[in-house]
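Descriptive analysis of the structure
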Amino acid sequence: MTALALNTDVGEGFGVWGPADEGELLDQVTAANVACGFHAGDPDILRRTCEASAARGVAIGAQVSYRDLAGFGRRFIDVPPATLVNELLYQMGALEVFARLAGGRVGYVKAHGALYNAAARHTGHAAAIVEAVALYDRGLPLLCQPGTAVWERAVEAGVRPLAEGFIDRGYTDDGLLVPRSAPGALITNPAEAAERALRMAESGTVVSVTGAVVRIAPDGGELAALCVHSDTPGAAGLAAAVREALASGGIAVGPPGATAGRQVAEARS
């Protein structure tokens, strides 16, 4: 059994903008999706975030994006797939330097915002993400949603996809995320987030915004990661509630792709 990775987006500032200290949130998670400079982040922030993550034993992941600082990576950019491959490699390489200086390394990859959502259906951009991961390090896990174009391309290419659920986001009946502008897009109640997380972990399902029970784990498999966004109001409290619920349920947590056996003691502590 794979231990659940509780991950969050961090380092999402630029210059004087953005949170100066994300320690409270990093204390609750096992994996940090670090902005690599294209939707947010600059060299100072990348280094500071890697050091803060490594000091806590939190896995460092490359959260790659479209080149869209002005739109925070939440706008679709019709970049040619070959160029997108190079832009993703550029971001992963930039983060790797600071991860190594902090005593770690880039341990997984996850797309951000519009790129994550587009890759569910856009075959060209899905293929570009997978190609970039394979070129950089074929052994790196790729966090994504089962049944999407990027998941299928990863399987075909021999890249390891890890199924991810979102504890603070609403779901459609298709198992995809509700647009942030739509009703029910955000979950901000810690008790509700904890209940959803436990359900996701135990059954691989979620209740959609229409009330339908939707499977979000892969066929014959289970979720490997749960995400809480750092810009969701009360994110640290949500993460703490989820961590407590998982521990109470005897569900192991760890870095992406870790085996549950290594984490049982932590889950029961």
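Residues numbered from 1 in each chain as written. Predicted model: local features only at pLDDT ≥ 70, side-chain atom pairs only at ≥ 80, totals over all residues. Heavy atoms only, no water.

**Re the overall build of the protein chain**
Scanning the protein chain from N- to C-terminus turns up 9 helices and 9 strands. Computed over its C-alpha atoms, the radius of gyration of the protein chain comes to 17 Å, within 12% of the 18 Å expected for a compact globule of 269 residues. In terms of overall dimensions, the protein chain has C-alpha extents of about 40 × 35 × 35 Å along its principal axes. Restricting to contacts in the protein chain with at least 6 residues of sequence separation, those with at least 24 account for 71%. Just so you have it, the protein chain exposes about 11,100 Å², and 53% of that area is on carbon and sulfur atoms. Between the centroid of the 21 positive side chains of the protein chain and the centroid of its 29 negative side chains there is a distance of 3 Å. (Helix = DSSP H or I, 4+ residues; strand = E, 2+ residues; numbered from the N terminus. Rg over C-alpha atoms; globule rule 2.2 N^0.38 Å. Contact = heavy atoms within 4.5 Å. Areas by Shrake-Rupley, 256 points an atom, 1.4 Å probe, with all protein chains shown as cover. Lys, Arg positive; Asp, Glu negative; His and termini not counted. Charge placed at Lys NZ, Arg CZ, Asp CG, Glu CD.)

**Focus on helix 7 (residues 190–203)**
When the terminal C-alpha atoms of helix 7 are compared, their 20 Å separation across 14 residues agrees well with the 20 Å that a helix rising 1.5 Å per residue should span. All of the buried residues in helix 7 are A193, A194, R196, A197, M200 and A201. Down the axis of helix 7, the sector holding all buried residues measures 165°, keeping them to one side. Exposed residues on helix 7 whose side chains face more than 90 degrees from its buried face are A191, E195 and E202. Where the residues of helix 7 are buried, they touch strand 6 (161–166), strand 7 (205–207), strand 9 (225–228) and helix 8 (235–248). Among the residues trailing helix 7, G204 stands out with phi positive, at a value near 70°. (Expected span 1.5 Å × (residues − 1). Buried < 20%, exposed > 50% of the residue type's maximum accessible area, 1.4 Å probe, protein only. Arc of directions from axis to C-beta.)

**Some words on unusual backbone geometry**
Phi at F72 takes a positive value of approximately 55°, unusual for a residue other than glycine. Summarising the element assignment, F72 is placed in the loop between strand 3 (59–64) and helix 3 (81–101).

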